[in-house]
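Chains, contacts and geometry: an overview
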Amino acid sequence: MEVSVESGFCSSTGNYSSKWNSPVLPQTPHLSLPSFLFSQLSPDALLKPAFIDAKSGKSISYGELRSLTNTVAHVLHSLGIKKGDVVLVVAPNFLHYPLLVLGVMSVGAIFSTANPLHTRLELQYQIQDTNPKLILTTQTLKSKLDEGMGSRPLLILLEELMDSLLHNPQHYPTFNVIINQDDIAALMYSSGTTGKSKSVVCLHRNFISMSCSLRHVWEAEDGAFNDIYLCVLPLFHMFGLSLFVCGTLAIQSTTVVLNKYSLEDMLVSVEKYKVTRLPVVPPMVVQLVRLQDGVKGYDLSSVKEVMCSGAPLGRVHMERFSKCYPQMRLSQCYGLTETCGPITLCNGFSGMVHESIGGLTPHIEAKIVDVRTGKPLPPLECGELYVRGPSVMKGYFKDPIATSLAIDKEGWLQTGDLCFIDMLGLVYIVDRIKELIKYKAYQVAPAELEEILLAHPEISEVAVIPYPDEGAGEIPMACIVKKGISEIEEECIISFVANKVAPYKKIRKVVFVDSIPRSASGKILRRHLKAKALTTHQQLQISSKL
Ligand SMILES: CC(C)(COP(=O)(O)OP(=O)(O)OC[C@H]1O[C@@H](n2cnc3c(N)ncnc32)[C@H](O)[C@@H]1OP(=O)(O)O)[C@@H](O)C(=O)NCCC(=O)NCCSC(=O)/C=C/c1ccc(O)cc1
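Residues numbered from 1 in each chain as written. Predicted model: local features only at pLDDT ≥ 70, side-chain atom pairs only at ≥ 80, totals over all residues. Heavy atoms only, no water.

**Section: the sheet that holds strand E21 (residues 413–421)**
- Strands sit in the order E1-E18-E19-E21-E22 across an open sheet of five strands; the sheet is antiparallel. If you trace the sheet from one side to the other, it starts and ends with strand E1 (16–17) and strand E22 (427–432), each paired once.
- Direction of pairing for E1 relative to strand E18 (residues 365–369): antiparallel, over a ladder of two bridges. Across the sheet, the residue bridging to Tyr16 is Ala366, located in E18. (Pairing = 2+ DSSP bridges. Helix = DSSP H or I, 4+ residues; strand = E, 2+ residues; numbered from the N terminus.)

As structure tokens, then:
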């Protein structure tokens, strides 16, 4: 076999392998993510803060995290939660969020999340899909969950649960239940490459390998144990969850948790806690560049690295960022909910790797597949990125068809991203093939909005596509074919959708078209439409200015 040391490409298989040597993954079948993480705890870490609340400064040490995780497992058990039950958490970030994740997993239950911005209908869809036995939510969000639900799962307020846990500490024996690496640890939502949002089945094995891999890569950097991370990313999505539950806990560093993102709160926290590593999504980089002068009052000298992911970051923004903040390394990484966290990272590569999303992480293999022939391609040639490895999801929950479309018999996951890999093994994203809009790095599934719009009596055909936007990356735009003599206007369409979806999914632009271009099999030709809609919209803008 001819494997290039530089690129990791094997000319006989057509596969790329990671350039990292692979950390040994635990082989014992009986292992959960929490028990794995706590088994690795060094005595030095026990008194060290694992998480700090940015606003109040309250913290939770590694020792407390371990004992409270055990307490949560006992409390959930006493509430009747058993192995395999789903526990849904609907909440924004808060100090004890990771504790809940670990507590739910320790009882053998399945952790599931929802964006607190979701509407009642969106939450209902998720509840019907995964049938949780228990919902944990906040006082503010409760009303969205307890009205109009059919057979109601048990609902507990997080404020009350946390209050009783923290103010009546009890010493429980170590909770004992057999959890296998192949048991389900979490159900997280993603729309994948096509269709509506689906529940991704993540096994303990997936998260354990993610932890091993992040630890292996991050520990290669100096002073990883002393790093201070700032968590401004939502923990209810995989990017945040994987970094701050699998990654930072594995290297036993400290994470400062911000409940709600604002640029100012982020800067205050960086200065106050001397944050060294800052994982972000592109809109935050854009804001940092835009408000460069406003940033001057803050001491950001502690920041070594800004890690950006979740959506593509434009070259212009990267260059501007590097000019404004020369002391900070801006790196990109890449992952999907389906890969249970990042599968490329820039660590280990020196120099300017800005435009790349980094190299494959340990144990991850890739293939660049020619979209027409299906054949694997060598370095510098562009095709769809396929990935394989121990952190790749088991599949979509109770959806064997979607699973078989996403993962082939050899275990390759189709990412829906058009990429190439260079001679050094660095991966570059060129375009997106999948039907997906990324608004502020949140996933918006066109199919979901199209279904809502088609129910409008004055709409005969519709396609929802991404429209470029500097601040948000992309915004959802509806291309509408009106029915008969309808005179429906843009505002009507925007407000028709607005109250049915979370704010980040709103339609923010509309173009009226004569027809929706389709392939012979009836599939919407989105690429074609995107180009057409862009020009139509730009022409409209020009004529309105004249
Ligand atoms: C911090 C952001 C960048 C900006 O926040 P924001 O400006 O406050 O807006 P929100 O996102 O909170 O809210 C969206 C909209 O809802 C509005 N909103 C807000 N709260 C309200 C309210 N209570 N009432 C009504 N309106 C409201 C809010 O104003 C806003 O509207 P608009 O101003 O018109 O844009 C926020 O969008 C954000 O956290 N985005 C990141 C999303 C994210 O984590 N994405 C990753 C998904 S997981 C995945 O796909 C990939 C996994 C992955 C794995 C590994 C990797 O390496 C990489 C990736």
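**Concerning the sheet that holds strand E5 (residues 110–114)**
- The sheet built from seven strands is open, its strands ordered E7-E6-E4-E5-E8-E9-E20 with mixed pairing. Strands at the two margins of the open sheet, each flanked by one partner only, are strand E7 (154–157) and strand E20 (395–396).
- Inspection of the sheet shows strand E8 (residues 184–190) paired to strand E9 (residues 198–203) by six bridges, in the antiparallel sense. From the neighbouring strand, Tyr189 faces E9, where its bridge partner is Ser199.
- Those strands touched by helix H3 (residues 97–106) are strand E4 (86–90), E5, strand E6 (134–137) and E8, and its axis lies near 145 degrees from that of E5. (Contact = heavy atoms within 4.5 Å. Axes fitted to C-alpha atoms, helices over the stretch in contact; angles between N-to-C directions.)

**Quick notes on the pattern of salt bridges**
- Under the defined criterion, the tally for this structure stands at 24 salt bridges.
- For Glu451, the salt bridge is made with Lys196, and the minimal N-O distance between the two is 3.4 Å. Note that Glu451 is positioned in helix H14 (residues 446–454) and Lys196 in the loop between E8 and E9, a separation of 255 residues in sequence.
- Measuring nitrogen to oxygen at the nearest pair gives 3.4 Å for the salt bridge that ties Arg277 to Glu221. (Salt bridge = Lys/Arg side-chain N within 4 Å of Asp/Glu carboxyl O.)

**Observations concerning the domain arrangement of the chain**
- For the chain, the assigned domains read domain 1 (16–426) and domain 2 (437–545).
- Distance between the C-alpha centres of domain 1 and domain 2: 31 Å.
- Between domain 1 and domain 2, the residue contacts involve 22 residues of the former and 18 residues of the latter.
- Roughly 1600 Å² is buried in total at the junction of domain 1 and domain 2, and carbon and sulfur atoms are behind 53% of that figure.
- Of all residues in domain 1, the largest losses of buried area upon contact with domain 2 belong to Leu117, Glu122 and Lys196, amounting jointly to 27% of the total for that side.
- The interface formed by domain 1 and domain 2 includes three salt bridges.
- Across the salt bridge formed by Glu470 and Arg290, the nearest N and O atoms sit 4.0 Å from each other.
- At the junction of domain 1 with domain 2, the criterion picks out seven residue pairs in polar contact (both at pLDDT 80 or more).
- Of all the secondary-structure elements, those providing two or more residues to the side of domain 1 that touches domain 2 are helix H10 (282–290) and helix H12 (315–324).
- Of the residues forming the side of domain 1 that touches domain 2, the biggest block, four residues, is contributed by H10. (Domains from an automatic or database assignment. Buried area = accessible area lost by both parts, 1.4 Å probe. Polar contact = N/O pair within 3.5 Å; in protein donor to acceptor, adjacent residues only side chain to side chain.)

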